[in-house]
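# An overview of the molecular structure
Each chain, letter by letter, is given below.
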Amino acid sequence: MPTALTNNHRDDHRYSFSRIRRLLAVLSGLVLLGALAVVGWSSLRDYHETLHTTENELDVLTLSVDEHIARTMEGSQRTLQQIREDGVFRSCVAGRDRACLHAFLKGQSDINPLFNSLAVIDEEGLLLGSSLQHPVPAFNVSQLPYFRNARARPERPFVLGEYQPDPSGQRDGLQFGVPLLNRDGSFGGVLVAGINQDELQRFFASVSRKPGVIIRMFRDDGVTLARFPPDNADLGRSIAHMDFFADRYREQPSGVQYETGKVDQINRLMAWRKVNGWPLGVLLTLETERALQPWYEEIAINLGVAVLLCVGALALLVYLFAQLRRMERTEADLYLTKVAVERGADMAIWLDMQGHIRYVNATASSRLGYSERELLDMRFRDINPEFHPDSWPKFWQHLREKKHLFDELELCTRAGEIFPVEAYSNYVQFNGEEYNCAVVRDISERRLAEQAVIKSEQQLRLALEASNTGLFDLPLEGRRAAITSPEYDRMLGYQPGELAETFDKWKDQVHPQDREQTIGALRDYFVGNSTQFAVEYRRRLKSGEYRWFLSRGRFVEFDYRGKPTRLIGTMTDITERKEAQERITELANFDLVTGLANRNLLRDELRLALAAAERFGRHLAVLFLDLDRFKTINDSLGHTAGDMVLSQVASRLRAEVGKADILARLGGDEFVVVLTDIAGPLAASAIADRILASFAVPFELEAGGFASSTSIGISIFPDDGADADTLIRNADVAMYQAKASGRGNYQFFTADMNTRASERLVLETSMRRGLVQNEFVLYFQPQASLEDGRIVGAEALIRWQHPEQGMIPPGKFIPVAEESRLIVPLGSWVLEEACRHAASWVAKGLPPLTVAVNLSPMQFSQPGLVQQVRDCLERYGLPPERLELEVTESVVMQDVDQVAATLDAFNALGVKLSIDDFGTGYSSLSYLKRFAFDKLKVDQSFVRDLSDDPNDTAIVLAIIGLGKTLGMSVLAEGVETQAQLKFLREAETDSIQGFLFSRPVPEPDFVELVRSQARLPLM
């Protein structure tokens, strides 16, 4: 039975391979016929496309030649007409001056390269002059056709001859002329030009890129006037006998057709076109055979390709038949083995020496996801992702020597799954060929189990290392050694295996303050108060330092009495977490600069103190402190110096209050002192006096000693409030009253202070509304020159026209604006309005005036200030030299680099700069020298007492001298008396402003002052 099965199988395969051979032969023939058909159809299509392309090219070329000839003829006609109308030419012709004509025509011929000759013929046909020679011979051209045409119709714009010698007989050319008329309009002769054929030939050569193309220019009567390539024999010959000329030329402006020569019987492609506006035509001819030359070359290439395809197809067919024969033999050789192992439990994969898969059983096909046919078309490297071509010969040699090999490797399925296998390779020789008959077993499940165990161990180890966690197995019986993990040892500062851990040693190394809590956690777990042992504690390391640890564990062994004898668990280093928690608590409740309680902790401790005071019937005082002139320190010496002052203030406050009292810094330069137990307000006064006295000693800074004071507001519990927020708020109100009373003092809260605080809040709210509703206006105080008394500028001063309260003076709302930061939008508004008004003064034709605008320190620190000034100048078209920006000494003493960059930007912009209130601050001469100011303003506090105080007199003279020395102009503010004016003028002050000349006035009044040419009376 197996023998019959085998024979049937072989017969079936023979029939199958025979059928494949016949099919391949038929398919090859069909492919060959199809290829020949495609080549033939492609050649026919290319034939028509080649002719069509050539037709288009010649047609486009006729258009280019047509346009060039038209331009050439129009240029020639225009040039001849200009010569004809030239006065010199006309006088030479009228006087029949041949020398004059020769000189003139030669000059025109030299400047017109298109002409190779110029000649003048009189009404009788005699040659009067020529550009080529002088004197001219006695030629008569009255019989030439173009002369007869000109004489017959002198009104025509031009006459066109043939390619012939010029009238003097010197040079050949296309003769082109314009009639000459006498004054009475009668015929007076002809001005003839010989058009240079070389120019036309160069153009024809430049456009004729196709070999074999002949270009002709002909007259409407068919006479050839020009030809490319040049052929003098063809010139003057008529083409009227050609079919296109007789049939279509008279009726159509252009065309393309094929025509066979009547003499040489050569078929040619002709493209012709009439020259628009001229009795001329263009004819391009190309032999059809030459036009088809590219097609012939392509046909040769196609035939060569077809032959190669046929040869290649035949070679491929032979190769395929050879492969079929080889496959037939291989199929027969492997069939018996395939029957034997087809249904085996393991995969069977047979390979040849080249790595081709020669056989696979159904198990291998199913596991790999390929069909048997697909696998037989593959190589071993296609299913083995680790295959290396270099190692295959070595493997085969090793297999040939050992005959049997065992190896573990990986295979890849169609879906991309890679799985491990065990391969039992067997070396077999059959029919002279070598094979590897391998039995392959899938070990995926076993490998997964192994990897799961390894991965679990790795994950546990990584988790413990990443979390700073160690494992311990600790006997609870005295000195028995514990088992600890390497990470456990490393956390305690030991090398793995170095630590000899015992229960007694563990207890001894726990921090004394945490030992009772730790032992208590063990006890609670044992008695059942907790589900596991868990405790946070500090333990001493090998180095002697302590770190925080979290230990968790469970009892796993007990003695006969039920007492635990063994504890297994984990220990985690939580030092960083503990430090972070402490840091968070510190940041949340303490000020970083002073170490005092912050606002949050103050409220909590004050609530506790209030509860105790209420319970025991005690008084409690809240002191609200605000440092005087602290902003000056920050602005002039920097925030580092400011932090040093705050730290020293905290130290002095600690020295003046009791340990039970509360100290806090709210932020900035504000401090709060809570006296938790006082007999009454007098006790709070005593503490406040001591605090004020402590400020009498200057603060020690790197730049030297700095004297400052503080203003204190005091509120008393329960008289001034029953809760923390009310007491702090009322103490704050009292502090503002202390500042208003001259600083450096303290004030107790009273009921009417709340009213004033409310008024201040209402004022701030009204200011915000006033900005939106345009309630603010600008006044201008004139600045007068002490040279001639005229007005040279004005200072822009803000006023508030309140809808209910009327005009509010600046002294009332400017301090509130500075405290609430409203000074920034107010300053921006003043800058905008001042530029707008100053620009309107320029438009009204007023004399050059400078408008001065004050910049507050807060406004000066804004990052976009320079751009804002630039935008204002550009928006209103105000010249930058008309704007003067005033800054105070406190601004200059801020961040020097930032101030220098801003002032340099203003200087580059062209804006003037002045330093205001000079002498009232630090008056740093180094800064004054460093920054390029244009003007120095003497503060009115020095000007006011010039007549009475010799110190003020000396200061003013020093300021004026300093300004002059540094090249700045000097302006004195607050001039109110003639005596002050006289002194300032004698001191060579440049200008003044003050009530003596004019108070600040609205903008229309200021404009009227300028227009009326008001002047400061000078003695």
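Structure: above.
Everything in this summary refers to the structure shown in the same document. All values reported here derive from a predicted model rather than from experimental measurement. Numbers given for residues are sequential positions, taken from 1 along each chain in its written order. Only residues with pLDDT of at least 70 are given local features in this predicted model, and only at 80 or more are side-chain atom pairs given and counted; all residues enter the totals for whole chains, interfaces and linings. Side-chain numbers come from the whole structure's heavy atoms, not from hydrogens or water.

This part covers the overall build of the protein. Counting secondary structure elements, the protein contains 34 helices and 37 strands. The principal-axis extents of the C-alpha atoms in the protein amount to approximately 145 × 135 × 50 Å. For the protein, the share of sequence-separated contacts (at least 6 apart) that also reach a separation of at least 24 residues comes to 58%. When the accessible area of the protein is evaluated, it comes to approximately 51,800 Å², of which 54% is carbon and sulfur surface. Taking the average location of the 113 positive side-chain charges in the protein and that of its 140 negative ones, the two points are 5 Å from each other. Only DSSP runs of H or I reaching four residues or more are called helices, and only runs of E reaching two or more are called strands; each is numbered from the N terminus. By definition in these notes, contact holds between two residues if any of their heavy atoms fall within 4.5 Å. Values of accessible area rely on a 1.4 Å probe in the Shrake-Rupley scheme; residue burial ignores everything except the protein chains shown. For the purpose of charge, His is not counted, nor are the chain termini; Lys and Arg are scored as positive and Asp and Glu as negative. Each charge is placed at NZ for Lys, CZ for Arg, CG for Asp and CD for Glu.

Let's shift gears to the packing of aromatic side chains. Each aromatic pair joins two rings of Phe, Tyr and Trp (for Trp, the six-membered one) with centres within 6.5 Å, and gets the label stacked for planes under 30 degrees apart, edge-to-face for over 60, and tilted for any other angle. Overall, the coordinates contain 31 aromatic pairs when judged by the stated rule. For the pair phenylalanine 89 and phenylalanine 104, a centre-to-centre distance of 5.9 Å together with 40 degrees between the ring planes defines the contact as tilted. Taken together, the residues span a long stretch of sequence, with phenylalanine 89 in helix 2 (residues 87-94) and phenylalanine 104 in helix 3 (residues 98-111) at a distance of 15 residues. Relative accessible area decides the class of each residue, using a 1.4 Å probe on protein chains only: under 20% of the type maximum gives buried, over 50% gives exposed, and in between gives partly exposed. Looking at phenylalanine 104, the relative accessible area reads 13%, which means it is buried. For the pair tryptophan 800 and phenylalanine 813, a centre-to-centre distance of 5.6 Å together with 85 degrees between the ring planes defines the contact as edge-to-face. Remark: phenylalanine 813 occurs in helix 24 (residues 810-820) and tryptophan 800 occurs in strand 29 (residues 791-802); sequence separation between them is 13 residues. The same class applies to tryptophan 800 as to phenylalanine 813, namely buried.

Burial analysis of strand 31 (residues 850-854) places four of its five residues in the buried class, the great majority of the element. With three bridges joining them, strand 29 and strand 31 adopt parallel strand pairing. Of the residues in strand 31, the one forming a bridge with glutamate 795 is alanine 852. The pairing criterion is simple: DSSP has to find at least two bridges between the two strands.

The sheet built from five strands is open, its strands ordered 7-6-10-9-8 with antiparallel pairing. Edge positions in the sheet fall to strand 7 (224-228) and strand 8 (254-260), since each has one partner strand and no second. The mean inter-strand angle of the sheet, taken between neighbouring strand axes irrespective of direction, is 20 degrees. Pairing of strand 9 (residues 267-274) with strand 10 (residues 280-287) involves seven bridges; the strand directions are antiparallel. For arginine 273, the partnering residue across the bridge sits in strand 10 and is valine 282. The axes are straight lines fitted to the C-alpha atoms, using for helices just the contacting stretch, and the angles between their N-to-C directions are given from 0 to 180°.

What follows covers unusual backbone geometry. Cis geometry is adopted by the peptide bond preceding proline 135, which originates at histidine 134 and carries an omega value of 0 degrees. You can see proline 135 is positioned in the loop between strand 2 (127-130) and helix 4 (145-152). The peptide bond linking phenylalanine 717 to proline 718 adopts the cis configuration, its omega dihedral lying at 10 degrees. With a phi close to 65 degrees, glutamate 988 is a non-glycine residue in the positive phi region. Relative to the assigned elements, glutamate 988 resides in the loop between helix 33 (978-986) and strand 36 (991-992). Although it is not a glycine, glutamine 1013 adopts a positive phi angle of roughly 60 degrees. Residue placement: glutamine 1013 occurs in the segment after helix 34 (1003-1011).

For the rest of this paragraph, the subject is the packing of helix 2 against helix 3. It is at 8 Å that the axes of helix 2 and helix 3 come closest, and there the two elements cross at 150 degrees. Relative to helix 3, the element helix 2 is oriented roughly antiparallel. Here helix 2 and helix 3 pass one another in a crossing that is left-handed. Every residue of helix 3 that contacts helix 2 at Val88, Phe89, Cys92 and Val93 is listed here: Cys100, Leu101, Phe104 and Leu105. By the convention adopted, Pro, Cys, Tyr, Trp, Phe, Met, Ile, Leu, Val and Ala count as nonpolar, Lys, Arg, Asp and Glu as charged, and the other residues, Gly among them, as polar. Broken down by class, the residue content of the contact of helix 2 with helix 3 amounts to eight nonpolar, no polar and no charged. Our angle categories are set so that under 35 degrees counts as roughly parallel, over 145 as roughly antiparallel, 65 to 115 as roughly perpendicular, and the remainder as oblique. If you view the pair so one helix is near and one far, a crossing is left-handed when the near helix is turned anticlockwise from the far one by less than a right angle, and right-handed when it is turned clockwise.

This part takes up the pairing of strand 13 (residues 404-412). Bridging between strand 13 and strand 14 (residues 418-430) involves nine bridges; their strand directions are antiparallel. Looking at the pairing, leucine 409 lines up with valine 421 of strand 14. Linking two consecutive strands that pair antiparallel, namely strand 13 and strand 14, is a turn of five residues; a positive phi of about 95 degrees is found at glycine 416 within it.

Turning to helix 34, its buried residues number three or more, namely Glu1003, Phe1006, Val1007 and Val1010. Down the axis of helix 34, the sector holding all buried residues measures 100 degrees, keeping them to one side. Buried positions along helix 34 lie against strand 28 (776-785), strand 29, helix 25 (823-843) and strand 37 (1001-1002). Backbone geometry just after helix 34 places glutamine 1013 at a positive phi near 60 degrees. In this context, the arc is that of the directions from the helix axis out to the C-beta atoms.

A pairing counts as a salt bridge when a side-chain nitrogen of Lys or Arg comes within 4 Å of a carboxyl oxygen of Asp or Glu. If you walk through the whole model with that rule in mind, you get 43 salt bridges. Note that arginine 441 and aspartate 346 form a salt bridge whose closest N and O atoms lie 2.9 Å from each other. Placement of arginine 441 in strand 15 (residues 433-442) and of aspartate 346 in the loop between helix 8 (293-341) and strand 11 (347-352) is noted, with a sequence separation of 95 residues between them. Between arginine 561 and aspartate 559 there is a salt bridge; the shortest N-O distance is 3.3 Å.

Our next topic: a nonpolar patch on the surface. There is a patch of nonpolar side chains on the surface, built from Leu23, Val26, Leu27, Leu30, Leu33 and Leu36 and spanning about 580 Å² of accessible area. When you line up the elements, leucine 23 lands in helix 1 (residues 2-85). Patch members must show over 30% relative accessible area and no salt bridge, and they are joined within 9 Å when carrying like charges or within 5 Å when they are nonpolar side chains of Val, Leu, Ile, Met, Phe, Trp or Tyr.

This brings us to the nonpolar core. Buried Ala, Val, Leu, Ile, Met, Phe, Trp, Tyr and Cys residues form a nonpolar core when they are joined through side-chain atoms within 4.5 Å. Residues Val869, Leu883, Leu885, Phe906 and Leu984 are the most contacted members of the largest nonpolar core, which totals 78 residues. At eleven residues, helix 25 tops the list of elements feeding residues into this core. In terms of nonpolar packing, the next biggest core, distinct from the first, is built from 46 residues, Leu101, Phe203, Val223 and Ala226 among them.

One can describe the packing of helix 20 (residues 639-656) onto helix 21 (residues 681-694) by two numbers: an axis separation of 10 Å at closest approach and a directional angle of 145 degrees. Crossing handedness for the pair helix 20 and helix 21: right-handed. Of helix 21, the residues touching helix 20 (which contributes Arg652, Leu653 and Glu656) are Ile687, Arg690, Ile691 and Ser694. Across the contact of helix 20 with helix 21, the residue classes tally to three nonpolar, one polar and three charged.

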